[in-house]
Amino acid sequence: MNKTGFIFDLDGVIVDTAKYHYLAWRNLANELGFEFTHEQNELFKGVSRKRCLEILLDIGGVEATQEQFDRWMVEKNEDYLKYIEKMNASEILPDVPRVLQFLKERQIPIALGSASKNARPILEKVELLPYFDSIVDGNNVTKAKPDPEVFLIAAEQLAVRPENSVVFEDAVAGIQAANAANMLSIGIGDDKVLSEAKHNFKDFTEMDDGFLESLIQQGSV
Ligand code: B16
Ligand code: MG
């Protein structure tokens, strides 16, 4: 019998840290003399910090030396961490604890698969860390989503096969990574944006226990 494993993205699936990333990137853009809009922030979802800064500097038409680039990466993250510091369990997205609890009660292995290098402190802040059997984040990968690396490592750590893994993702690159890993991709958010996902939900409130049970069964044959 093959076990099913569940892999959760962090930002946009478990918590909405995109708003804090936005504030920190906007502060940096303003300091460099240009505007950064909510719409532009959409391009940053699921994208590594380094790639985000490259895109930001492109938007502003700013050329940076390596030393400036490195300094702005640190500056943005220090600013972001000031917002994260104030987070608590009230910021968990709707019904995430119900789903985690449902899986935990059935002893289903659970991993995090995130691009963020701040994943662990965020999970600690919102008191969800104990649910996770494995954390794979920006500190453990060499290739960013849509490369499947992050999810393949997560499945390996859970000792489940990729084809028996379920991935919850809010970013196009994340859905592509899950599909490339031969996992079952579930889009959380706008189904038009996440049209490559196998299933789509606006959020976890739309996902009932029967559906979760069917996901568990898909790997256990
Ligand atoms: P950090 P996810 C991603 O998280 C965010 O969506 C993305 O906007 C961010 O740039 C990236 O993490 C890196 O985050 O600066 O904290 O290392 O959606 O993959 O959980
Ligand atoms: Mg995300």
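You'll find the structure just up there.
Below you will find a few notes about this structure. (Residues numbered from 1 in each chain as written. Chains lettered and ligands numbered in written order. Predicted model: local features only at pLDDT ≥ 70, side-chain atom pairs only at ≥ 80, totals over all residues. Heavy atoms only, no water.)

Residues Ile 110 and Leu 112 of strand β2 (residues 110-113) are buried on one face, and the alternating residues Ala 111 and Gly 113, pointing to the opposite face, are buried as well. Where strand β1 (residues 5-8) and β2 come together, three bridges link them in parallel fashion. Opposite Phe 8, over in β2, you have Leu 112 as the bridge partner. Examined bridge by bridge, β2 and strand β3 (residues 134-136) share three bridges and lie parallel to one another. (Buried < 20%, exposed > 50% of the residue type's maximum accessible area, 1.4 Å probe, protein only. Helix = DSSP H or I, 4+ residues; strand = E, 2+ residues; numbered from the N terminus. Pairing = 2+ DSSP bridges.)

What the six strands build is an open sheet, ordered β3-β2-β1-β4-β5-β6; its pairing is parallel. The outermost strands of the open sheet, each flanked by one partner alone, are β3 and β6 (199-201). Neighbour-to-neighbour, the strand axes of the sheet open up by a mean angle of 20°, direction not taken into account. In the packing of helix α7 (residues 149-158) onto the sheet, the strands contacted are β1, β2, β3 and β4 (165-169), and the crossing angle to β3 comes to about 160°. (Axes fitted to C-alpha atoms, helices over the stretch in contact; angles between N-to-C directions. Contact = heavy atoms within 4.5 Å.)

Let us look at α7. For α7, every residue scored as buried is listed here: Glu 149, Val 150, Phe 151, Ala 154, Ala 155 and Leu 158. Considering only its buried residues, α7 is in contact with β1, β2, β3, β4 and α8 (172-180). Positive phi appears at Ala 159, one or two residues downstream of α7, with a value of about 60°.

Now for the coordination of the magnesium ion (ligand 2). Within the protein, the atoms that donate to the magnesium ion (ligand 2) are Asp 9 (OD), Asp 11 (O) and Asp 170 (OD), at distances of 2.0 to 2.1 Å. Summarised as a motif, the one-chain spacing of the donors to the magnesium ion (ligand 2) is D-x1-D-x158-D. Of the two residues, Asp 11 sits in the loop between β1 and α1 (18-31) while Asp 170 sits in the loop between β4 and α8, which places them 159 residues apart along the sequence. Since its relative accessible area comes to 16%, Asp 11 is described here as buried. Taking relative accessible area as the criterion, Asp 170 reaches 15% and is therefore assigned buried. (Donors = N, O, S within 2.8 Å, 3.2 Å for Na, K, Ca; no water.)

A word on the packing of helix α3 (residues 49-60) against helix α4 (residues 66-84). Close contact between α3 and α4 brings their axes to 10 Å; oriented N to C, the two are set at 110°. Classed by the angle they form, the pair α3 and α4 counts as roughly perpendicular. Contact with α3, carried on its side by Arg 49, Lys 50, Leu 53, Glu 54 and Leu 57, involves Phe 69, Trp 72, Met 73 and Asn 77 of α4 and no other residues of that element. Looking at the contact of α3 with α4 residue by residue, the classes come out as five nonpolar, one polar and three charged. (Parallel < 35°, antiparallel > 145°, perpendicular 65-115°, else oblique. Nonpolar A, V, L, I, M, F, W, Y, C, P; charged D, E, K, R; others polar.)

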